[in-house]
Structure formats: C-alpha cells, structure tokens
Amino acid sequence: MTAALQFRDLTLGYDRHPAVHHLDGVIETGALVAVVGPNGAGKSTLFKGIVGLIKPLAGRIERGDVAAQKIAYLPQAAEIDRSFPINVYDMVAMGLWRRTGLFGGIDRDARSRIEQAIAAVGLTGFEDRPIATLSGGQMQRMLFARLLLQDARVIVLDEPFNAVDAKTSADLFDLVRRWHGEQRTVLTALHDIDFVRANFPETLLLARKPVAWGRTSTVLTPENLLAARRMCEAFDEHADPCAAAETVVAAVPHSGA
Amino acid sequence: MYPAPAENSSEPPFSADLTGTRGNDGERRIQVSMFNDLFIAPFSEFEFMRRALAGALALALGAGPIGVFLMLRRMSLVGDAMAHAILPGAAVGFLLSGLSLFAMTAGGLIAGFVVALLTGFVARTTELKEDAALATFYLLSLALGVTIISLKGTNIDLLHVLFGNVLALDDQTLLLVAVNATITLVVLALIYRPLVIECVDPGFMRSVSSAGGPAHFAFLVLVVVNLVSGFHALGTLLAVGIMMLPAAIGRFWARDVTLMVLIATASGAAAGYAGLLLSFHTGVASGPAIILVAGALYLVSLLFGRVGGLVRQAFPGRHLEA
C-alpha cells in the first residue's frame with residue numbers, strides 16, 4: 001500500500017489559533033475513511049488544508065504525486081449562487097474542468113460522460129432545469145454528478161449527507177462505495193456514528209487533536225467519544241505560543257489553545 | 001412597423017393599411033417619405049449622426065455582456081463607482097493637454113486601474129470588504145477629479161467630462177470605441193468559462209484551478225475599458241447606464257446567460273439608435289436621451305418580462321398538473 005496523504009505534525013488554523021493540532025498519520029491509497037468529531041473539532045479545517053485552500057500553521061501535508069487541485073472536494077456549505085442562470089447540465093459539465101480547461105471543447109465522448117454522470121445520480125430529465133429550481137437533495141445529487149466527472153484519485157466530502165433524506169443519502173453513498181471499489185481514496189466527514197460503524201472500515205476521531213485513528217470498531221468506543229466531546233471549543237484569546245511548536249519548523253509560531 | 005411598399009400594383013388582400021386608404025399610391029409615398037424622414041434621413045443626411053450611431057452600436061456591443069456579468073456578480077453599482085473613479089485621470093489628461101483623446105483616455109484608464117488595484121489589495125489584506133474598500137477609493141478619486149477640474153477649466157469642460165458628447169465623435173474617438181469593443185469581446189471569449197464558474201460557484205473554481213483570480217481581474221479591466229469608451233460618448237455619469245440598463249432588461253427575458261447577453265446587447269443597440277433619433281428630433285441632449293430610451297425598455301420589461309415581470313407575477317395563470 002502506498003500513502004495517498006501523509007500528515008506530518010500538521011497544525012491548521014486561523015489567525016495563529018490551531019483548529020487541527022499536531023496531527024500525524026497516513027491515509028493509504030484506496031482507503032475509505034470517516035472523519036468524526038463534534039462541531040468545531042476541525043474536520044472542515046482539515047479538509048480545507050488537504051485541498052490547499054488554507055496553508056498549515058506548522059507541519060505539512062504530503063500529497064504524493066497528486067496536486068492539491070486534483071483532489072475533488074465537496075465543501076460542507078457550497079458557495080453556490082443558486083440564482084445564477086445556469087442549468088444542471090452545464091453545472092455538472094464543470095466537473096470536466098481538468099480535461100477541458102479554459103478552451104477545450106465538449107466532444108461527443110465528454111457529452112456521453114456528462115449524461116452518464118447525471119444518470120448515475122438519478123437526475124436524468126433534469127438536464128435543462130435551472131439550478132434555482134432544484135430541491136436540497138437534488139442539488140446534492142447534482143454536486144455528486146460533478147464529483148463523478150472530476151474523476152479524482154482522492155475525494156474529500158465534508159458532511160455530504162447533511163440535510164438530505166434517507167433515500168438520497170443511500171443513493172449517494174452507493175457512489176462513495178463505487179469510488180472505494182475503484183481504489184480511490186475517500187475521506188468523509190460525518191455525524192451519524194451508527195452509519196459510520198456500519199459502512200466505514202477506518203475512522204479518524206478528531207477533537208482538534210486527534211483522539212483516535214484506526215479501525216472503526218476500535219476508534220468509536222464510548223470512552224473515545226466522551227473524550228472527544230469534552231474538548232474545549234472556544235479559542236483562548238490570550239493563549240501562549242504552543243511549546244511543542246519549537247520542535248517543528250514553522251515560520252509563525254501558533255498559539256497553544 | 002410600416003408595411004413594405006408592394007413591388008407590383010396588386011394589393012395583397014391581407015395587407016393592413018394603417019391609414020385605411022387602400023391602394024392610394026400618393027398616400028403611400030407620403031408615408032414612405034415620413035418613415036424615411038423620421039428613421040433614416042437623420043443618419044443618411046448627417047455625418048455626425050452616422051458617427052454617433054456607429055459609436056453607440058460599438059458601445060452597446062461591448063457594454064452589453066460586461067453589464068450582464070456585473071449584474072450576475074452583484075456588482076451592478078461597482079460600474080457606477082468605477083465610472084466616478086476614472087474622473088481624476090481624465091481630468092488630469094484634460095488639464096495637461098485640453099480635450100485630447102489620448103491624454104484623457106490614458107488618464108482615465110490609469111485612474112480606473114489604480115482604484116481597482118487598491119480596492120482589490122485592501123479587500124484581500126484587511127478586514128474591509130470589497131464594497132467598503134471601493135467606496136473609500138472611488139469617493140476620494142471623485143473628489144480629486146472635481147477639484148482638478150475646478151482648478152482650471154470652465155463649467156462647459158466639466159459638462160463635457162460628466163455627460164460626454166456622442167454627437168461630436170471624431171475619427172480617433174470612434175476608433176477607440178470600436179477597438180475597445182473588439183478587445184472586450186475577444187477577452188470575454190477567453191475568460192468566459194472561469195468567469196461563469198467563478199460567478200456561480202467560486203468555491204469550486206478555487207478548488208480546481210487558480211484561473212478564477214486572473215479572470216476576475218481581467219474582467220475588472222474590461223469594465224474600466226468600457227467605461228472609458230462610454231465616457232467619451234455618454235460622460236462619466238451615464239457611461240454605466242448603457243451597461244446596466246440593458247443587462248437588467250436581459251434578466252427579465254432570459255433564463256440563461258447566453259440569451260441574456262444577446263438581449264442586453266440588442267436592447268443597448270436599440271436604445272442607442274432610438275435615443276439618437278429622439279435627440280435629433282426633439283433637441284434634447286443625446287447621452288441622456290439614449291439612457292432614457294433604455295429606461296423605457298427597462299420599464300416595459302419590468303412590467304411584461306417573461307421571467308419575473310410584474311404583470312406575469314400578478315397573473316401567473318392556473319397552477320400546473322406537475
């Protein structure tokens with residue numbers, strides 16, 4: 001097994017305050033990893049770091065030969081302007097950006113792939129609908145179709161099943177399983193502990209610091225979950241610089257809590 | 001629309017004769033010449049009107065799509081602010097070399113770019129958001145511009161800068177407007193894809209490519225370029241009008257960007273043509289006349305537009321089966 005992602009004493013955060021603190025570990029290629037933790041645990045921050053939207057305060061992320069921009073990323077709250085006059089087909093077609101770039105045409109092969117992706121998420125017949133007319137679940141299906149087209153080796157999903165019904169989340173999880181079967185690396189942030197136990201082989205329990213990481217059954221123990229819940233959510237405005245930071249190479253020392 | 005004169009004398013039975021004098025050739029000739037006097041002769045007989053029309057059409061061609069994207073990015077008033085921002089540059093150009101096309105254009109471009117860059121810099125590096133940053137710089141720029149003009153120059157000069165003069169376009173200015181329209185269309189074609197994606201889903205754009213930022217900046221440059229075009233014809237105060245009114249008209253008739261751009265461009269061109277005629281026949285200032293015609297088209301769209309027009313909203317018809 002090779003590593004898709006490696007975290008080396010990684011600290012991510014905002015304005016010197018860490019949101020993910022001293023994370024070390026490896027995500028193997030083809031792994032299906034659930035990232036679990038209370039609100040404010042740093043799940044979204046970790047994902048933003050992985051796709052390169054924020055820079056580490058200290059430590060680093062090694063992405064092997066996969067550039068950050070080749071990682072497919074579904075943010076928790078997509079900043080989509082739903083009033084924009086664009087239809088489902090064009091929106092899904094954006095997933096081909098890496099193939100088409102600025103000027104590349106959409107040829108017959110690409111068109112059939114777009115149609116397949118739309119069919120795979122069950123939105124056939126919605127191609128010409130303006131995105132403003134979609135329901136929340138249909139919107140999420142459309143975004144998954146776009147992810148399908150991105151054809152990425154590493155896929156990062158930030159709470160993809162929030163606010164969608166059971167049917168939709170089951171359909172969309174089938175796609176995640178398919179990606180897993182295709183040896184793609186998938187990281188998913190979730191809150192549904194039972195769902196994680198049933199479906200994810202590997203779990204990272206995060207509470208700013210990593211609480212536990214490994215096989216799901218050994219990670220999601222009552223003790224670990226309690227420990228994660230006790231985590232203090234608030235930043236300390238007057239935190240001292242983190243002592244552990246002196247051991248790592250960092251341009252700006254981040255604060256301790 | 002006047003019915004086209006029939007080639008032969010046999011009258012088609014369905015032809016609607018507006019005057020009710022069916023088959024009266026003399027009457028028809030009078031109508032033809034009235035039509036000609038009203039709608040064609042001003043342009044065929046006067047060169048300055050032809051120039052004005054060419055300028056107005058070129059202006060509409062560039063300003064239409066730019067306006068649509070400004071509107072879709074919720075930057076409708078940014079154009080207005082930028083139009084004020086180019087004033088001191090144009091004024092300095094005017095001070096240095098009078099009503100020189102080159103000096104005023106270069107000055108306007110420089111002032112516009114400086115304000116755009118400063119705004120972008122402050123918005124990205126401080127707590128101030130883009131709108132607040134732009135407000136501070138364009139107001140400073142405007143104050144500076146008016147100060148410079150009032151130092152030298154008369155009220156007539158000020159009027160020229162503020163309201164332009166589409167009826168006095170010389171060769172150089174006409175060429176400038178045409179070149180700017182061409183640049184606009186070519187650059188828009190180049191940045192179209194990232195511009196649309198950046199508009200609808202900026203997060204996605206950031207995660208797949210770093211082309212979003214440069215595309216946005218190129219777009220801001222196009223805004224300034226078109227404002228500089230517009231300000232020679234319509235003045236700094238009304239240059240935004242030929243961008244934003246057609247864009248708003250397009251929004252009432254189209255559900256996709258392409259059609260919106262086409263409608264905006266067409267209504268901008270129609271407003272240019274009709275505005276010039278209005279100005280010619282009534283003697284009102286040409287710049288405001290163009291914008292007022294665009295305003296009338298906007299009002300009609302607001303009331304009767306297919307997409308969200310007021311009448312349509314008031315009488316939506318019975319709801320559908322599914």
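Our subject is the structure that appears above.
Our subject in this report is the structure included herewith. Everything numeric here is computed off the predicted structure, so don't read it as measured data.

**A word on the overall build of chain A**
So, step 1. In terms of helices and strands, chain A carries nine helices and nine strands.
So, step 2. For 257 residues, the compact-globule estimate of 2.2 N^0.38 gives 18 Å, and the C-alpha radius of gyration of chain A, at 19 Å, lies within 12% of that figure.
So, step 3. By its C-alpha atoms, chain A is 55 × 40 × 40 Å across when sized along the principal axes.
So, step 4. Every one of the 257 residues in chain A was classed for burial, and the buried ones make up 42%.
So, step 5. Across chain A, contacts joining residues at least 24 apart in sequence account for 68% of those joining residues at least 6 apart.

**Remarks on the overall build of chain B**
So, step 1. Looking only at helices and strands, one finds 15 helices and zero strands in chain B.
So, step 2. Every one of the 322 residues in chain B was classed for burial, and the buried ones make up 45%.

**Considering helix H4 (residues 108-120) of chain A**
All names here are of chain A.
So, step 1. Compared with an ideal rise of 1.5 Å per residue, which puts 13 residues at 18 Å, H4 spans 18 Å between its outermost C-alpha atoms and is within 8% of the ideal.
So, step 2. For H4, the set of buried residues is Arg-113, Ile-114, Ala-117 and Ile-118. The buried residues of H4 all sit within an arc of 135° when viewed along its axis, so they share a single face. Residues Arg-108, Asp-109, Ser-112 and Ala-119 are exposed on H4 and point more than 90 degrees away from its buried face.
So, step 3. Immediately downstream of H4, the backbone of Gly-122 shows phi near 75°, a positive value.

**Some points on the nonpolar core**
So, step 1. Counting residues in hydrophobic clusters, the biggest one holds 167 residues, and the most contacted among them are Val-156 of chain A together with Met-82 and Ile-86 of chain B.
So, step 2. Looking at this core, the element that brings in the most residues is helix H2 (residues 47-72) of chain B, giving 14 residues.
So, step 3. With sequence-adjacent residues up to four places away left out, Ile-86 of chain B is seen in contact with Gly-108, Ala-111, Gly-112, Val-224, Leu-227, Val-228, Phe-231 and Thr-236 of chain B.

**Some details on the packing of H2 of chain B against helix H10 (residues 212-233) of chain B**
All names here are of chain B.
So, step 1. Contact geometry for H2 and H10: axes closest at 10 Å, N-to-C directions at 145°. Considering only the axes of H2 and H10, their crossing is left-handed. Contact with H2, carried on its side by Gly-55, Ala-56, Leu-59, Gly-62, Ala-63, Ile-66, Phe-69 and Leu-70, involves Phe-219, Leu-222, Val-223, Asn-226, Ser-229, Gly-230 and Ala-233 of H10 and no other residues of that element.
So, step 2. In the contact of H2 with H10, the residues fall into ten nonpolar, five polar and no charged.

**Re the sheet that holds strand E3 (residues 32-36) of chain A**
All names here are of chain A.
So, step 1. Across the sheet, six strands lie side by side as E5-E6-E7-E3-E8-E9; this open sheet has mixed pairing. Both edges of this open sheet fall to strand E5 (72-74) and strand E9 (209-215), since each of them pairs with a single strand only. Sheet twist, expressed as the average angle between the axes of neighbouring strands with direction ignored, equals 15°.
So, step 2. Here E5 pairs with strand E6 (residues 154-158) via three bridges, running parallel. Among the inter-strand pairings, Leu-74 is bridged to a residue of E6, identified as Leu-157.
So, step 3. Lying over the sheet, helix H1 (residues 43-50) contacts E3, E5, E6, strand E7 (185-190) and strand E8 (202-207), oriented at roughly 150° with respect to E6.

**A word on the interface of chain A and chain B**
So, step 1. Contact with chain A, which involves 18 residues of that partner, is made by 19 residues of chain B.
So, step 2. Per-class residue counts for the side of chain A that touches chain B are 13 nonpolar, two polar and three charged.

**Comments concerning the pairing of E9 of chain A**
Every regular strand shows the same layout, with side chains that alternate between the two sheet faces.
So, step 1. For E8 of chain A and E9 of chain A, the ladder comprises six bridges, and the chain directions are antiparallel. In the strand pairing of E9 of chain A, Glu-202 of chain A is matched with Arg-215 of chain A.

**As for the sheet that holds strand E2 (residues 17-28) of chain A**
Residue and element names in this part refer to chain A.
So, step 1. Pairing within the open sheet is antiparallel, and its three strands lie in the order E2-E1-E4. The strands lining the two open edges of the sheet, one partner per strand, are E2 and strand E4 (58-62). Each strand axis lies, on average, 15° off the axis of its neighbour in the sheet, ignoring direction.
So, step 2. Where strand E1 (residues 3-14) lies against E4, four bridges are found, and the strand directions are antiparallel. Within E4, the position partnered with Arg-8 by the bridge is Arg-60.
So, step 3. Each of E1, E2 and E4 touches H1; the most contacted strand, E1, lies at about 120° to it.

**Some thoughts on unusual backbone geometry**
Residue and element names in this part refer to chain A.
So, step 1. Unusually for a residue other than glycine, Asp-9 sits at a positive phi of about 45°.
So, step 2. Structurally, Asp-9 can be placed in strand E1.
So, step 3. We classify Asp-9 as partly exposed; it has 18 C-beta atoms within 10 Å.
So, step 4. Although it is not a glycine, Asp-151 adopts a positive phi angle of roughly 50°.
So, step 5. Its location among the elements puts Asp-151 in the loop between helix H5 (136-150) and E6.
So, step 6. Overall, the presence of 17 C-beta atoms within 10 Å leaves Asp-151 in the partly exposed class.

**Some thoughts on the environment of Val-68 of chain B**
So, step 1. Position of Val-68 of chain B relative to the elements: it lies in helix H2.
So, step 2. Beyond its immediate sequence surroundings of up to four residues, Val-68 of chain B is in contact with Ala-247, Gly-250, Val-257, Met-260, Val-261 and Ala-264 of chain B.

**With respect to the environment of Asp-256 of chain B**
So, step 1. When you line up the elements, Asp-256 of chain B lands in the loop between helix H12 (241-251) and helix H13 (257-282).
So, step 2. Along the backbone, Asp-256 of chain B and Arg-312 of chain B are 56 residues apart, and their C-alpha atoms lie at a distance of 19 Å.
So, step 3. In contact with Asp-256 of chain B, other than residues within four places in its own chain, are Pro-85 and Asn-87 of chain A.

Conventions and cut-offs
Residues numbered from 1 in each chain as written. Chains lettered and ligands numbered in written order. Predicted model: local features only at pLDDT ≥ 70, side-chain atom pairs only at ≥ 80, totals over all residues. Helix = DSSP H or I, 4+ residues; strand = E, 2+ residues; numbered from the N terminus. Rg over C-alpha atoms; globule rule 2.2 N^0.38 Å. Buried ≥ 20, exposed ≤ 12 C-beta atoms within 10 Å, placed from the backbone. Contact = placed C-beta atoms within 7 Å. Expected span 1.5 Å × (residues − 1). Arc of directions from axis to C-beta. Core = buried A, V, L, I, M, F, W, Y, C linked by C-beta atoms within 7 Å. Axes fitted to C-alpha atoms, helices over the stretch in contact; angles between N-to-C directions. Left-handed = near helix turned anticlockwise from the far one by under 90°. Nonpolar A, V, L, I, M, F, W, Y, C, P; charged D, E, K, R; others polar. Pairing = 2+ DSSP bridges.

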